[in-house]
Amino acid sequence: MDHQVSLTAYLAAFVAELVQTGIKDVVVSPGSRSTPMAMVMAEHPEINIHIHVDERSAAFFALGIAKTTNKPVAILCTSGTAAANYFPAIVEAHYSRVPLLVLTADRPHELREVGAPQAINQIHLYGQHVKWFADMALPENSDEIIRYARTVCARAAAIAMQAPAGPVHLNFPFREPLIPKLEEGIFQLEERPMGYVKVRNGELTISEDEFREIASKLSEYKNGIIVCGDITDEQFAQAVTELSSALNFPILADPLSQLRSGKHQLENIVETYDTFLRNEDAKTFLKPDVILRFGAMPVSKALTIFLKENHHAEQFVIDGGGGWRDPASLSTEMIFCHETYFCERLVASIDKRQSANFLEKWQKINNLTKENMSLIRDYQKLSEGRLFYQLAEMLPEGATLFVGNSMPIRDLDSFFLNNHKSIKVRANRGANGIDGTVSTALGAALYSQPLYLVLGDLTFFHDLNGLVAAKLYGIDIRIIVVNNNGGGIFSFLPQSQHPKNFELLFGTPLNLEFEHAVTMFNGNYTKVKDWDHLGELMNTSSDSNGLNVYEVVTNRESNLSEHREFWRIVSQEISNFVKGLH
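Structural notes, computed from the coordinates. This structure is a prediction, so every number in the text was calculated from the model and none was measured.

Time to look at the overall build of the protein chain. Helix and strand content of the protein chain: 22 helices and 18 strands. For 582 residues, the compact-globule estimate of 2.2 N^0.38 gives 25 Å, and the protein chain sits close to it at 26 Å. Residue pairs in contact within the protein chain that sit at least 24 positions apart in sequence constitute 78% of those at least 6 positions apart. Of the accessible surface of the protein chain, which amounts to about 24,400 Å², a share of 50% is contributed by carbon and sulfur atoms. The distance from the centre of the 52 positive side-chain charges to the centre of the 69 negative ones in the protein chain is 3 Å.

Quick look at the structure:
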């Protein structure tokens, strides 16, 4: 049978099924061995092809699209180290539960392990970081292989979306010649009367008896807290705040929980815990006897330590993905149930608690901490704490805020206060790395506007080439680069107490002029002069199209001293308050 005909029929069947599963976005990195798949994809009218030359950035770009749309995104590359460059984003997708369909072209079996160029071992290349792997059959135009291609595609897309969502890897060996036979009607395939396989994914839940048992247990406790980490279900905010009101338990809301901003009730949401849980008097005053935890582990180290110190409290971990989010082995019950459904069913199973004494304790400490945050406004020089404190008022309604790792996400956790602006907060917290942040944010910006990215100078530098997507596709993005000329987070870690080689090994000042890089990608660059200047830029940012970069220069030593002084003042106020009650 003609090779070109078989190649085309096989790939047309796969691509047609790709669209049938709901995948519309594909990020392609140019290469030779992936030629047939790329050319067939480009022919399909319902596929959006995004070209990204750098496979590492390309995969993170796709990750950003998938984070925003909550749908699988396909990535396609050629054989060899191109596939290896996908690895960091695949690791992030795995740990942050983001659906990706990874399509790698490969040499045919007879050219593997024989010294052929651009051939590496791609079998199970990503190990346990993908949910499923298949080394695809060679193209044929038989009914059996066409059904196989479509079935594997449907299965892969379903597994990528099945909770917990994540990446799936399909490896395609192609023989030369690599050019498909592109003719009109290649996607008009013969269908079975009932069509090809349709996969229906369900959600995890528990029985009504188990809900009643949990409700009975919770009724025995007076002092409970609800801890919410990274969670993206838009219905969750309403459900968990209703549960909080029924139990009179405070909600400790991580910035990625999507609970600090929105139209839902904010009265029971505590957001300044990262500051006051550094104080021993507060931790004793607020000691819980039961903890309900939803979503990923929180960003705050102070909160994580607080959870560990209260290991005698009963701890329920509710995970609709059926994972095991319990690094300190603190849970007494691991409940595999869809988080929103769990809250709704539990509310229906419990009697509303009348006493709110414990909730009021948390609210009083939270409000006292927020009152003292006015101190941050006194920082006249550009500073990282004040930047994140003012973000809530600076950002427009409905904005998406993407935040880099290291210090930015921690300052966001500490200083980003509750508001009703419905601001979506995103970050790459699966593996907590700095790589690919620019590309992920640009992918998210395709379907989420307006989008603001706040990140440090090292994180910006690490993915500068990702800015090419903004140039190629005219993506609107506002990037605030907090430039403290190095790794600011290390100043807060134990190695800062050993100054001999601290700057060489950890401070790592780069002394870069980012204006030149921004200009290279046709972006607009502005160095922020002062707070008034930043306010003006933010007020007019919605009128600025394309790539806009605002550089905020800060000082690492001043940032450290300002944080410590703020924590000291707040800690003293809290101790005075708690001791005054006795």
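Here the narrative resumes, following the displayed structure.
With that settled, consider the environment of Leu 537. By the secondary structure assignment, Leu 537 is in helix α21 (residues 531-540). A C-alpha to C-alpha distance of 39 Å links Leu 537 and Glu 339, two positions 198 residues apart in sequence. In this view, Leu 537 contacts Thr 526, Val 528 and Tyr 550; residues no more than four positions away in its chain are not counted.

The subject of this paragraph is the packing of aromatic side chains. Describing an aromatic ring pair means giving the distance of the ring centres and the angle of the ring planes. Applying the stated criterion across every chain yields a total of 14 aromatic pairs. With a centroid separation of 6.0 Å and an interplanar angle of 75 degrees, the aromatic rings of Phe 211 and Tyr 341 are classed as edge-to-face. Highlighted residues: Phe 211 in helix α7 (residues 208-219) and Tyr 341 in helix α12 (residues 339-349), separated in sequence by 130 residues. What links up through ring pairs into an aromatic cluster is the set Phe 211, Phe 236, Phe 294, Tyr 341 and Phe 342. Arg 278 extends its terminal NZ or CZ atom over the ring of Trp 567, reaching a point 3.7 Å from the ring centre. Over the aromatic face of Tyr 452 sits the side chain of Arg 478, whose NZ or CZ is 5.7 Å from the ring centroid.

What follows deals with empty space enclosed by the protein. Empty space left among the atoms is revealed by rolling a probe the size of a water molecule over them. Scanning all chains against the criterion turns up two cavities of 30 Å³ or more. Considering only enclosed or pocket space, the largest cavity measures out at about 50 Å³ in volume. Lining the largest cavity, in full, are Ile 376, Tyr 379, Gly 385, Phe 415, Asn 559, Glu 562, His 563 and Phe 566. Looking at the lining of the largest cavity element by element, the count peaks at four residues for helix α22 (residues 556-580).

Within the element layout of this structure, Leu 387 appears in helix α14 (residues 384-394). You can call Leu 387 buried: its relative accessible area is 1%. It is 9.3 Å that separates the C-alpha atoms of Leu 387 and Phe 416, two residues lying 29 residues apart in sequence. Not counting residues within four places of it along the chain, the set of residues in contact with Leu 387 comprises Val 454, Ile 480, Val 482, Trp 531 and Leu 534.

Scanning all chains against the criterion turns up 19 salt bridges. Linking Lys 263 and Glu 397 is a salt bridge whose minimum nitrogen-to-oxygen distance equals 3.4 Å. Residue Lys 263 is located in the loop between β8 (251-253) and β9 (269-270), and its partner Glu 397 is located in the loop between α14 and β13 (400-403); the two are separated by 134 residues in the primary sequence. Among the residues examined, Lys 263 registers a relative accessible area of 58% and is labelled exposed. The shortest N-O distance in the salt bridge between Arg 568 and Glu 565 comes to 2.8 Å. One end of the pair, Arg 568, and the other, Glu 565, are both in helix α22, three residues apart, so they sit about a helical turn from each other. With a relative accessible area of 43%, Arg 568 lands in the partly exposed category. Taking the relative accessible area as the measure of exposure, Glu 565 reaches 36% and is therefore partly exposed. Ionic contacts of the salt-bridge type, sharing partners, join the residues Asp 106, Arg 112 and Asp 135 into one network.

A few words on the sheet that holds strand β16 (residues 477-483). Ordered by their spatial adjacency, six strands build an open sheet running β14-β13-β15-β16-β18-β17, and the pairing between neighbours is parallel. Among the strands making up the open sheet, the edge pair consists of β14 (424-426) and β17 (524-527). When strand polarity is set aside, the average angle formed by the axes of neighbouring strands in this sheet is 20 degrees. Here β16 runs beside strand β18 (residues 547-553); their pairing, made up of seven bridges, is parallel. Across the sheet, residue Val 482 finds its bridge partner in β18, namely Val 552.

In this structure, the largest pocket spans a volume of roughly 1,400 Å³. Forming the walls of the largest pocket are 50 residues, and the residues nearest its centre are Asn 70, Ser 96, Arg 97, Ile 231 and Thr 232.

Where nonpolar side chains cluster on the molecular surface, the patch consists of Ile 51, Leu 472 and Tyr 473 and spans about 260 Å² of accessible area. Looking at the secondary structure, you find Ile 51 in strand β2 (residues 48-51).

By secondary structure assignment, the location of Glu 384 is in helix α14. Side-chain polar atoms of Glu 384 contact the side chain of Asn 484, separated by 3.1 Å. The residues touching Glu 384, leaving out its near neighbours within four places in the chain, are Met 407, Asp 411, Val 482, Asn 484, Thr 554 and Asn 559.

Right, let's get into the pairing of strand β15 (residues 451-456). Counting buried residues along β15, six of its six residues qualify, which places the element largely inside the surrounding structure. Neither face of β15 is open: one carries Leu 451, Leu 453 and Leu 455, the other Tyr 452, Val 454 and Gly 456, and all of them are buried. Two strands pair when backbone bridges link them, and β13 and β15 are joined in this way by four bridges, in the parallel orientation. Its bridge partner lying in β15, Phe 402 is registered against Leu 453. By the bridge criterion, five bridges tie β15 to β16 in an arrangement that is parallel. In the strand pairing of β16, Gly 456 is matched with Val 482.

Conventions we followed
- Going along each chain's sequence as written, the residues are numbered from 1 onward.
- Only residues with pLDDT of 70 or above have their local features reported here, since the model is predicted, and side-chain atom pairs are shown and tallied only from 80 upward, although totals for entire chains, interfaces and linings are computed over all residues.
- Side-chain metrics in this entry use all non-hydrogen atoms of the structure; hydrogen atoms and water are not considered.
- The helix and strand labels rest on DSSP assignments: H or I over at least four residues marks a helix, E over at least two residues marks a strand, and numbering proceeds from the N terminus.
- Each radius of gyration is computed over the set of C-alpha atoms, and the globule rule expresses the reference value as 2.2 Å times the number of residues to the power 0.38.
- Residues count as neighbours in contact if any of their non-hydrogen atoms are within 4.5 Å of one another.
- Surface accessibility in these figures is a Shrake-Rupley result with a 1.4 Å probe; residues are shielded only by whichever protein chains are displayed.
- Charged residues are defined here as Lys and Arg on the positive side and Asp and Glu on the negative side; His and the ends of the chain fall outside this count.
- By convention, the point assigned to a charge is CZ for Arg, NZ for Lys, CD for Glu and CG for Asp.
- Aromatic rings from Phe, Tyr and Trp, with only the six-membered ring used for Trp, were paired whenever their centres fell within 6.5 Å, and each pair was classed as stacked if the ring planes differed by under 30 degrees, edge-to-face if by over 60, and tilted otherwise.
- Ring-over charges, as used throughout, are those where CZ of Arg or NZ of Lys falls within 6 Å of the ring centre and within 35 degrees of the ring normal.
- Both cavities and pockets are sets of points on a 1 Å grid over the protein atoms alone; in a cavity a 1.4 Å probe fits but cannot get out, in a pocket the set is open with protein on both sides within 12 Å along at least five of seven lines, and lining residues sit with an atom within 4 Å of a point.
- Grid points are joined across faces, edges and corners, and a volume is the space filled by probe spheres set on the points.
- Relative accessibility under 20% of the residue-type maximum defines a buried residue, over 50% an exposed one, and the middle range a partly exposed one, all with a 1.4 Å probe and only protein chains included.
- What makes a salt bridge here is a side-chain nitrogen of Lys or Arg within 4 Å of a carboxyl oxygen of Asp or Glu, nothing more.
- A pair of strands counts as paired when DSSP detects no fewer than two bridges linking them.
- Only the stretch in contact is used when fitting a helix axis, every axis being a line fitted to C-alpha atoms; angles between N-to-C directions are given from 0 to 180 degrees.
- The residues that make up patches have over 30% relative accessible area and no salt bridge, and they are joined within 9 Å when like-charged or within 5 Å when they are Val, Leu, Ile, Met, Phe, Trp or Tyr.
- Any pair of N or O atoms that falls within 3.5 Å is considered a polar contact. Within protein, one atom must be able to donate a hydrogen and the other to accept it, and sequence-neighbouring residues count only if both atoms are side-chain atoms.

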